[in-house]
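Here's the letter readout for the chains.
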Amino acid sequence: MDIVYTGEWTWVARLGQLLIATGFAAALLAVFGYLKGSLGDGNEEWKRFGRKAYWVHVVSFFSVIVLIYILIFNHRYEFQYVWKYMNNGMPTSLQFASFWGGQEGGFLLWMFWHLVLSIFIIRKKGVWEGPVMTFFAAVQASLACMLLGVYFGDYQFGLDPFLLTREAPNNLGLPWTKLADYLTRVPMFEDGQGLNPLLQNYWMVIHPPTLFLGFASTVVPFAFALAGLWKKKYIEWMRPATPWAFFGVMILGTGILMGGAWAYEALSFGGFWAWDPVENSSLVPWILLVGGAHLLMVNRTKVTSVFSALFLIVGAHLLIVYSTFLTKSGILGDTSVHSFVDSGILPQLLVYLLAFAGLATIMMIRSTKERWVYIGVFAILFFVGYFGQAVIPTIIYVALLGFLLIKAYRKDIPKPKVEEELWSREFWIFIGSMVLLAAAIHISFQTSLNVFNKLLEPFEGVFTSLYESTEWPMAKSLADHSFAPNTDYKQSYHIVQVPLAFLFIMLIGFVQWLKYKNTDMKKFVKKISRSLIIAAVLMSVLLLFTEFRASDFPVAALVFACIFAFTSNFDYLISIAKGKWDRSGANIAHIGFSLLILGAVISTSQSEIISQNQIGNIQDLNTDLNNREDMLLMQNDTLQMGDYFISYTDRYVDGIHHKFTVQYFENIPRAYEKDDIVYYGGMVFEAKDDHIASRNFIEQMADNWRRIDFPNERHAKEAIRWSSGTKGDSLFTLEPRIQLNEQMGNAPEPDTRHMLHKDVYTHLKWARLSEPETDEEGFLEGRAHDVHAGDSMIVSNILVTFDDIIALPDSEKAANNIFVDDIALQVRMTLKEKGEEKVINPLWIVRDSQIIPDMVDVDDWGMRVLINRFDPTTQTINLTIWEHESIRRDFIVMQAVIFPQINVLWIGCLIMILGTTLAVRHRIRLARQPKLEE
Amino acid sequence: MNKTGIVLIMLIAIVVGTFIATFTGASTSVSFDEAFENPGKEFKISGTLDKTNPVIYNPEEDTELTTFHMIDENNVKREVKLRKAKPNGLEQSEKVHLYGQFENGEFFANEMLMKCPSKYDENNHLLETAEASVQ
């Protein structure tokens, strides 16, 4: 009996699934048609068939996308995908963005861009259409597989974007799924869940589409490369592929930078790059693509490094697939705070990745017979892996690919007869692409440690016995197979990437001055010396006249390299390209890139946390002021922080955000004169000379202050608290906020003041979000503290000092209703607030081994005190203090970081994007007119 | 040996070097017991937050001390003192990785990484209410 569900758009689900299946089948037919149409000299009829099948595929998937948007904008929450990422309250632009909230949408977005790009290839017609589209359609078919959503018994093949919630596996059979009117009865379907609040900002609208277009663009040069290998046209594929490769560099680079900007603006890890797996796995393909694109460019002029070009171009696309594998399969598990859950498609993604890696490698082998032999071996490995254990066949498979690549490099791929000259442009671009490759391998490897752990699993036994016999610690680590990156995560990347970046950026500086084939070294040295000298001068200016101090030598070298790359490309732009900027996309892009890295290095290496705790446990002040990063701000207190005075004034709720207003005032430095007396850290100091206070007392303590160990009466009377300055005018206001997010935990979002030469980046570490609980009389929950005589603490605005702990003399016991046999201690406490003082003496009474509570109410001060225990060995009193809500002051804990010169980074980004766009435009023009001079 | 060969050898050397650096620098997870036996030495300990004990953070007393209990991979439960402000999402975390050491019998963590809850589990509790409302 088939239930008809009222209000449910069941037909859309069926239509959608049908369209996906059609699109998949059409892609397969397109592969077949194009393949037959590209054999030998080409067969127009088969090509036409392939083309028609491909158009069916295009229309099917465009329709799928339109259908899903219809569901989204009509709030059809019976569809699981719509329910998860959409809700009624989201603004329109975010509703639009909810499409790519989940993996299904991600795949569709990726495929969408492929469809768009392929239209350009088909419309161009020409001799390449056939072979290129064969591979392109194969990629499309494989991606379509990811969305088929069919079940083979228990095993789910592909995700289903049209899954109805009631048909989801974990809901099957539940009683409510049998109700015909479940849509109106079950409250869950009234509204969707919506995008994770962390994602609800404008970046979610622009970053994923751009990034996915970048991903998609790698498939075009990839398909050209395979087409070239297939038709044995090892060089000719490069020319048409070059503009596409640079297009990929531009778009993917832009997408990645957007991610960094988003992180900086909206997330509170205090930066724009965290070397997180999601970030790394997009960066690595981009690096390879840059290398490959430059090699393609070189081949326009001289055939060289063909294998490397193939390797990098193919690698760029395969690493995009690998990135998908890492982020969507759940294999990274615990190693990333970002990682997506295992949605069950790990095997599929793995097969996809390995299949295309295998295909590309096979194509590199020249002999068709050999290819079939290896395909046979792959098939055997696949079956063993599928039905048995997956890890070992995968390792063998990958090793086999490596072996084949080496064989192809030596025997099958053409190499120039005469080796390149040392000082030729092409040789150094080759070196550059190898440096990039090294960087990419390192990042990839560190990011993939968890994958590596999985590969080690079957060898646990082997390594354990190895460890037992040799005691080699590495063997134990290998046996444990739980490698994780170093504690100092960022450093583990920087230590390799900084030197490589140095090499690479130096190359950006001087390679363009080299000529193809060979260079006159005298002329070369003359040409670069100008920019080298200017760079050296600028570097010295930087070191001498600014506060820039490199943390270590590699960083300093990198800064120099960036400056040199900047001056050199600028020089080239003016002297050689004579300012023809539309032909100098490369120079402009390089200038942008060097500024980008320069800005990144300076702003992170010179970043300074200016929030240091000033109130807190006063006992701490007597010890060395340890490196505290967070500042506690009581409402309406004004504190000095860095170059400012700040005050937390207000709080309010704005939608799902709790916002906290912090005002920033100018810090007018204070001038101290000789013999001035100050308090600092509980000690008294006398000024040795006239001086202007710096931000930090400790910096000046040795030079300008003399400690007075035994202050006399005059000292005590004259001493005032040291301050670095006085509060001046209000400069600006920031509102760091906390976003309420039940799912992920409340998320702090920064508020940053952007200035020309630096950013003041602030975010909350803690703030009270809910009303504190009070008892019937308005007292908040009491808090216990351990104190000694002589200690002091702050309760709201009250300074509480514990003057003395004495045993109550017998003579006073009677007056307090205490028996002579009782043990009684009296704690003498002084309360001070705004010039007023009060002394209280709570007691601790023990009668017949029972503690009699003596609660002291200091109601007009809004406080209650109860002594809990006394420990005679440590002379410690444990007491509980209750504050009344009327005296309690709200406070926040905040961290503020200065990022100097971070605008250099953003300007560099924009210039780089501009430059690459110009370069792509130029490449397209060149591709059309082969005789045009570069 | 031709120039290309030299470049390739250098490339391989760099790559192998980075592998070695990664492996020797990489930290493996240990248990509380192992860290306890080597006081003062920094280890990585992975586990889950113990939800039966409260997470204590009193910024007025110390802005950078968060105290909670963690259960490590051997099911040993210990109190942990993290030298940072309370990280967001700690209570919702699925897995916790600490980098720290034992000092005087107490475990102090210098750094902590968390795995946030997956985005796919959330609708379960709503479905439970769905169930209940239909019963």
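In this report, we go over the structure that sits alongside the text. None of these values were measured; they are calculated from a predicted model. (Residues numbered from 1 in each chain as written. Chains lettered and ligands numbered in written order. Predicted model: local features only at pLDDT ≥ 70, side-chain atom pairs only at ≥ 80, totals over all residues. Heavy atoms only, no water.)

A word on the overall build of chain B
Assigned secondary structure in chain B consists of three helices and seven strands. Counting all 135 residues of chain B, 48% fall into the buried class. Summarising the internal contacts of chain B: among those between residues at least 6 apart in sequence, 48% fall at separations of at least 24. Accessible area for chain B stands at about 6,400 Å²; split by element, carbon and sulfur atoms hold 55% of it. (Helix = DSSP H or I, 4+ residues; strand = E, 2+ residues; numbered from the N terminus. Buried < 20%, exposed > 50% of the residue type's maximum accessible area, 1.4 Å probe, protein only. Contact = heavy atoms within 4.5 Å. Areas by Shrake-Rupley, 256 points an atom, 1.4 Å probe, with all protein chains shown as cover.)

Observations regarding the environment of Tyr99(B)
All names here are of chain B. Relative to the helices and strands, tyrosine 99 resides in strand S6 (residues 95–103). What makes tyrosine 99 buried here is its relative accessible area of 4%. When the C-alpha positions of tyrosine 99 and isoleucine 45 are compared, they lie 6.5 Å apart, and in sequence the two are 54 residues distant.

Focus: the side chain of Glu749(A)
Residue and element names in this part refer to chain A. For glutamate 749, the location among the structural elements is in strand S17 (residues 747–749). The buried charged residue glutamate 749 lacks any salt bridge, with arginine 737 as its nearest oppositely charged partner at 4.5 Å. Within the structure, the side chain of glutamate 749 is placed 2.9 Å from the side chain of glutamine 739, a separation counted as a polar contact. (Lys, Arg positive; Asp, Glu negative; His and termini not counted. Salt bridge = Lys/Arg side-chain N within 4 Å of Asp/Glu carboxyl O. Polar contact = N/O pair within 3.5 Å; in protein donor to acceptor, adjacent residues only side chain to side chain.)

Here we look at the sheet that holds strand S10 (residues 677–680) of chain A
Residue and element names in this part refer to chain A. Read across the sheet, four strands follow the order S13-S11-S10-S14 without closing on themselves; strand pairing throughout is mixed. Two strands lie at the open edges of the sheet, namely strand S13 (705–708) and strand S14 (720–721), each paired on one side alone. Sheet analysis places strand S11 (residues 683–687) next to S13, joined by four bridges and oriented antiparallel. From the neighbouring strand, phenylalanine 685 faces S13, where its bridge partner is arginine 707. Against the sheet, helix H25 (residues 697–704) makes contact with S10, S11 and S13, and its axis sits at roughly 85 degrees relative to S13, the strand it touches most. (Pairing = 2+ DSSP bridges. Axes fitted to C-alpha atoms, helices over the stretch in contact; angles between N-to-C directions.)

Quick look at the pattern of salt bridges
All names here are of chain A. One pass over the structure, following the stated rule, counts 31 salt bridges over all chains. Across the pair glutamate 8 and arginine 166 runs a salt bridge, and its minimum N-O distance is 2.7 Å. Note that glutamate 8 is positioned in the segment before helix H1 (10–38) and arginine 166 in the loop between strand S2 (155–157) and helix H7 (182–185), a separation of 158 residues in sequence. For the pair glutamate 8 and arginine 166, one class covers both residues: buried. The shortest N-O distance in the salt bridge between lysine 407 and aspartate 412 comes to 3.1 Å. Considered together, lysine 407 and aspartate 412 belong to a single accessibility category, that of buried residues. A cluster of three or more residues bridged by salt bridges with shared partners is formed by Glu8, Arg14, Arg166 and Glu167.

Let's talk about the packing of aromatic side chains
With the rule as written, the count across this model stands at 62 aromatic pairs over all chains. Ring centres 5.2 Å apart and planes at 75 degrees place the aromatic pair Tyr182(A) and Phe189(A) in the edge-to-face group. Residue class for Tyr182(A) comes out buried when judged on its relative accessible area of 1%. Of the residues examined, Phe189(A) reaches a relative accessible area of 5% and is grouped as buried. Where Trp423(A) meets Trp428(A), the ring centres are 5.2 Å apart and the plane angle is 20 degrees; that geometry is what we call stacked. Feature note: the residues Trp423(A), Phe427(A), Trp428(A), Phe430(A), Phe510(A) and Phe524(A) constitute an aromatic cluster, connected by ring pairs. Positioned over the ring face of Phe665(A) is Lys727(A), at 4.2 Å from the centre of the ring. The side chain of Lys3(B) reaches across the aromatic face of Phe427(A), ending 5.7 Å from its centre. (Phe/Tyr/Trp six-rings, centres within 6.5 Å; stacked < 30°, edge-to-face > 60°. Lys NZ or Arg CZ within 6 Å of the ring centre and 35° of its normal.)

Focus on the pairing of S10(A)
Residue and element names in this part refer to chain A. Here S10 runs beside S11; their pairing, made up of four bridges, is antiparallel. Across the sheet, the residue bridging to tyrosine 679 is valine 684, located in S11. Hairpin connection between S10 and S11: a loop of two residues separates the two successive antiparallel strands, and glycine 681 in this loop has a positive phi of roughly 60 degrees. In this structure, S10 lies alongside S14, joined through two bridges in parallel fashion. Bridge pairing in S14 links tyrosine 679 to arginine 721.

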